[in-house]
Amino acid sequence: MKVKFLKSIYDFKDYKGFNLPEFAFAGRSNVGKSSLINTLVNTKIAHTSKTPGKTRAINFFLIEDKYVLADLPGYGYAKITKEAQLSWKELIENYITSSKNLKILFILADISRGLEDEELTLIDWLKYIKRPYKIIFTKTDKLSRNELRTKINTYKDLSPLYFSSVNNEGKRELIKFIEEAL
Ligand SMILES: Nc1nc2c(ncn2[C@@H]2O[C@H](COP(=O)(O)OP(=O)(O)OP(=O)(O)O)[C@@H](O)[C@H]2O)c(=O)[nH]1
Ligand SMILES: [Mg+2]
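Throughout this description, residue numbers start from 1 for each chain and increase along the sequence as written. Lettering for chains starts from A, numbering for ligands starts from 1, and both go in the order in which the items are written. Local features are withheld for residues below a pLDDT of 70 in this predicted model, meaning they are given only at 70 or higher, and side-chain atom pairs are given and counted only at 80 or more; totals for whole chains, interfaces and linings count all residues. The basis for every side-chain value is the complete set of heavy atoms in the structure, and neither hydrogens nor water enter the calculation.

1. Things to note about the overall build of the protein
- A tally of regular secondary structure across the protein gives five helices and seven strands.
- Seen in sequence order, the protein has helices and strands lined up from the N terminus as β-β-α-β-β-α-β-α-β-α-β-α.
- The C-alpha extent of the protein, read off along each of the three principal axes, is 45 × 40 × 35 Å.
- Only protein chains enter the accessibility calculation, which uses a 1.4 Å probe; a residue whose area is less than 20% of its type maximum is buried, one above 50% is exposed, and one in between is partly exposed. A burial count over the protein gives 45% of its 182 residues as buried. Secondary structure is summarised from DSSP: a helix means a run of H or I of at least four residues, a strand means a run of E of at least two, and numbering begins at the N terminus for each.

Structural data, given as structure tokens:
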């Protein structure tokens, strides 16, 4: 896949859009947003880390000269200052409410944790502002086949996607989902 880094923004006033459809990845810090982007495009273009709080800006990547992926900073990471937490929150919320090109917001959640308060609050808010979203459960490689089957059954009403950056599970389905949304 052809991929090019476009830009990082730390402040929403620096966002002008790219006149292309955008897909953004939100989720708790360390859930695997940057890893997912790298897996999707077969390139280590987004920075990843074992330490939560790695992605501090919104990073935009151009894919196949056709659409844009946005890697958002993670939420729910307590070890940064209140001030930084608020500025990330503001950046993410401004982006989600104001981007005219945002097609779908992907909400990533670790399959082992499931959906917690942060995810449920985000989903309620997206419904309220009428923004399309899709849930992606990450790190499916950490579960046994049986555990995974149980989870798939539990969450079937949400029609989520399942993804692993370790064994590429769900990669084709996610690409297909994006292509169909375009
Ligand atoms: N087992 C497993 N580990 C993963 C997977 N995806 C990511 N990780 C690991 O989880 C950690 C965090 O990954 P990142 O992709 O940096 O997470 P992030 O959501 O971008 O984190 P922030 O930028 O801090 O918000 C790294 O140690 C990754 O190697 C996965 O599918 N399976
Ligand atoms: Mg990241």
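2. What to know about the sheet that holds strand β3 (residues 58-63)
- Read across the open sheet, the seven strands follow the order β1-β3-β4-β2-β5-β6-β7; overall the sheet is mixed. With one partner strand each, in any of the chains shown, β1 (3-9) and β7 (161-162) form the two edges of the open sheet.
- Residues are treated as being in contact if the distance between any of their heavy atoms lies within 4.5 Å. Axis angles are defined between N-to-C directions and span 0 to 180 degrees, where every axis is a line fitted to C-alpha atoms and, for a helix, only to the segment in contact. Against the sheet, helix α1 (residues 33-41) engages β1, β2 (22-27), β3, β4 (67-71), β5 (102-110) and β6 (133-138), with an angle of about 150° to β4.
- Relative to β5, helix α5 (residues 171-181) is tilted by about 160°, and along the sheet it contacts β2, β4, β5, β6 and β7. Pairing between strands is defined by DSSP: at least two bridges between them are needed.

3. Section: the site of ligand 1
- In this text, near means that some heavy atom of the residue lies within 4 Å of the molecule or strand in question. Around ligand 1, the structure places 22 residues, and the nearest of them are S35, G53, T55, D141 and S165.
- Two N or O atoms count as a polar contact when they lie within 3.5 Å, although within protein this holds only if one can serve as hydrogen donor and the other as acceptor, and sequence-adjacent residues are included solely when both atoms are side-chain atoms. S35 places a side-chain nitrogen or oxygen 2.6 Å from an oxygen atom of ligand 1.
- Measuring from an oxygen atom of ligand 1, one finds a backbone N or O atom of S165 at 2.7 Å.
- When the residues that make up the shell around ligand 1 are grouped by side-chain class, the tally is three nonpolar, twelve polar and seven charged. Note on residue categories: nonpolar means Ala, Val, Leu, Ile, Met, Phe, Trp, Tyr, Cys or Pro, charged means Asp, Glu, Lys or Arg, and polar means any other residue, Gly included.

4. Concerning the nonpolar core
- The set of buried Ala, Val, Leu, Ile, Met, Phe, Trp, Tyr and Cys residues whose side-chain atoms join them within 4.5 Å is what this entry labels a nonpolar core. The biggest cluster of nonpolar side chains holds 31 residues, and the ones touching the most others in it are I58, F60, L72, Y95, L105 and F137.
- Among the elements of the structure, β2, β3, β4, α2 (82-98), β5, α3 (117-128) and β6 are those that each provide at least two residues to this core.
- Once residues lying within four places of it in the same chain are set aside, the contact partners of I58 are K7, S8, I9, A70, D71, L72, P73, L91 and Y95.
- Judged by nonpolar contacts, the second largest core, of 21 residues, contains V3, F23, V31 and F61.

5. Let's talk about the pairing of β2
- Judged by how many residues are buried, β2 sits mostly within the fold: six of six residues are covered.
- Neither face of β2 is open: one carries E22, A24 and A26, the other F23, F25 and G27, and all of them are buried.
- Sheet analysis places β2 next to β5, joined by six bridges and oriented parallel. Looking across to β5, one finds that A26 is bridged to I107.

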